[in-house]
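Observations on chain architecture
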Amino acid sequence: MKLAVYDDNRIGLVRNGIIHDVSHLVPAEFDAWPEQRMNWIIRNWAGVSGLVEDAASNNGKAVQDVTLRAINPAAPHVFAIPANYRAHLGEIGKRSITKGGRTAREVGFFLKAPGSLSGAGEPIELPAGSKRRFDHECELAVVIGKAGRNIRREDALEHVFGYSCLIDLTMRIEPGEFEEDRSLRKSFATFTPVGPWLVTADELGSTDELRSRLLVNGNERQGARIGDMIVGIAESIELISSVVPIQPGDIIASGTPKGVGPLVPGDVVEIGIDGIGSMSLNVREAAAAPRPF
């Protein structure tokens, strides 16, 4: 199935371009905490999946008539895997902790703030007045459906709920500049667009032969086969859960291929992954902040 969060954090089933509201399946107490609805759906999927399927018989709205939000606006964690395609290592250069050819297998993972999540219907906002460079990174998002700690690689895919497209935005450092913490540089609001919807693992099947792509103003900059990642999805879950328990609703940004490049206000960036879909986002300048970057 394809699940989406839209408008005022309602939950919808997407089918044939129509979104069917299934928010009534979530207990009413979540009306005061609507960004948590998707976490409830994921945690209770075994009991509600059939009811969600039945909702396709109800009247719905055309997807283009709603505002798509992040697939899970209140993800407990957003884990990110760096240096996960060999062709990308050469363009990382001296600006990264992965210099010297170190890959995700050696450096592990880092965290992005869940508050940086945004959706297909929302723009990317770059810090106002900044002269810094802001780069796009094209990634597969992995959404956890089953909690666990110290998960063995051969069991890891049992913990996956589904997949989506994700752009990891990064404020770069230049030679001689002060290096802010990696999480800070990647955690501005709207710096983790994820969408357009969440495709459940049973519908998508194996991801190895799927290809990702990212275009800026219609020109393709990135593209790769998902199966060419150095650290695959199962190994990523093994790695992360060896450090901290994973939780339903957690999102893993699985790493970017080569072709990372800058975005500026006025650009239109599009990301797509086979079997999932695509989303196109406008890039603009954010409102002025007390602390400039």
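Quick caveat, the model's predicted, so the values are computed rather than measured.

**As for the nonpolar core**
- The biggest cluster of nonpolar side chains holds 54 residues, and the ones touching the most others in it are Leu68, Ile237 and Val269.
- Residues contacting Ile237, with those up to four places away along its chain left out, are Ile144, Ile151, Ala156, Val160, Ile246 and Ile252.
- In terms of nonpolar packing, the next biggest core, distinct from the first, is built from 32 residues, Ala70, Ala75, Ala141 and Leu166 among them.

**Section: the sheet that holds strand S15 (residues 219–225)**
- Taken together, five strands build an open sheet; the order of strands is S8-S19-S18-S14-S15 and the sheet is mixed. Unpaired on one side and paired on the other, strand S8 (124–126) and S15 mark the two borders of the sheet. When strand polarity is set aside, the average angle formed by the axes of neighbouring strands in this sheet is 20 degrees.

**Some points on unusual backbone geometry**
- Put simply, Gly195 and Pro196 share a cis peptide bond, and its omega is 5 degrees.
- Within the secondary structure layout, Pro196 lies in strand S13 (residues 192–200).
- In this structure, Asp7 is a non-glycine residue whose phi angle is positive, near 50 degrees.
- Summarising the element assignment, Asp7 is placed in the loop between strand S1 (2–6) and strand S2 (10–15).
- A relative accessible area of 24% places Asp7 in the partly exposed class.
- The backbone of Asn150 shows a phi angle near 55 degrees, a positive value even though the residue is not glycine.
- Among the residues examined, Asn150 registers a relative accessible area of 52% and is labelled exposed.

**Considering helix H7 (residues 233–241)**
- Within H7, seven of the nine residues are buried, leaving the element largely enclosed by the surrounding structure.
- Among the residues of H7, those classed as buried are Ile233, Ala234, Glu235, Ser236, Ile237, Ile240 and Ser241.
- Buried residues belonging to H7 abut strand S5 (78–80), helix H4 (104–107), strand S10 (138–144), strand S11 (160–167) and strand S16 (251–253).

**Let's talk about the pattern of salt bridges**
- Per the stated rule, a full pass over the model turns up 19 salt bridges.
- A salt bridge links Glu203 to Lys2; the shortest N-O distance between them is 3.0 Å. Separated by 201 residues along the polypeptide, Glu203 in helix H6 (residues 201–204) and Lys2 in strand S1 bring together distant segments of the chain.
- If you follow the salt bridges from partner to partner, you end up with Lys112, Arg133, Asp135, Glu137, Asp168, Arg172 and Lys186 in one network.

**Here's the deal with the sheet that holds strand S12 (residues 170–171)**
- Reading across the sheet, the three strands line up as S12-S9-S17 and stay open at both edges, with antiparallel pairing between neighbours. Whereas interior strands pair on both sides, the edge strands pair on one side only; in this sheet they are S12 and strand S17 (261–262).
- Bridging between strand S9 (residues 134–136) and S12 involves two bridges; their strand directions are antiparallel. Across the sheet, Asp135 pairs through a bridge with Thr170, a residue of S12.

**Topic: the side chain of Thr207**
- Residue position: Thr207 is located in the loop between H6 and strand S14 (211–216).
- Aside from chain neighbours lying at most four places away, what touches Thr207 is Tyr163, Ile226, Gly227 and Ile233.

**So, the pairing of S10**
- With seven of seven residues buried, S10 is to be regarded as a mostly interior element.
- What you see with S10 is no split at all: Cys138, Leu140, Val142 and Ile144 on one side and Glu139, Ala141 and Val143 on the other are buried throughout.
- Bridge analysis of S10 against S16 gives three bridges, and the strand direction is antiparallel. Its bridge partner being in S16, Val142 is matched across the sheet by Ile252.

**What to know about the confidence of the model for the chain**
- With 94% of its residues at a pLDDT of at least 70, the chain reaches an overall mean of 93.
- pLDDT under 50 marks residues 94–98. Its contacts with residues more than four places away, or in other chains, come to 12 contacts.

**Comments concerning the environment of Arg172**
- Following the sequence through the fold, Arg172 ends up in the loop between S12 and helix H5 (182–185).
- Judged by its relative accessible area of 15%, Arg172 falls in the buried class.
- C-alpha separation for the pair Arg172 and Ile246, spaced 74 residues apart in sequence, amounts to 29 Å.

**Digging into the packing of aromatic side chains**
- By the definition in use, this model includes five aromatic pairs.
- Relative to Phe161, the ring of Trp45 lies with its centre 5.2 Å away and its plane at 85 degrees, an arrangement referred to as edge-to-face. Note that Trp45 is positioned in helix H2 (residues 45–54) and Phe161 in strand S11, a separation of 116 residues in sequence. As far as burial versus exposure is concerned, Trp45 and Phe161 are alike and both buried.
- With centroids separated by 5.9 Å and ring planes inclined at 80 degrees, the aromatic side chains of Phe134 and Phe191 adopt a geometry described as edge-to-face.

What counts as what
Residues numbered from 1 in each chain as written. Predicted model: local features only at pLDDT ≥ 70, side-chain atom pairs only at ≥ 80, totals over all residues. Heavy atoms only, no water. Core = buried A, V, L, I, M, F, W, Y, C linked by side-chain atoms within 4.5 Å. Buried < 20%, exposed > 50% of the residue type's maximum accessible area, 1.4 Å probe, protein only. Contact = heavy atoms within 4.5 Å. Pairing = 2+ DSSP bridges. Helix = DSSP H or I, 4+ residues; strand = E, 2+ residues; numbered from the N terminus. Axes fitted to C-alpha atoms, helices over the stretch in contact; angles between N-to-C directions. Salt bridge = Lys/Arg side-chain N within 4 Å of Asp/Glu carboxyl O. pLDDT = per-residue confidence, 0-100. Phe/Tyr/Trp six-rings, centres within 6.5 Å; stacked < 30°, edge-to-face > 60°.

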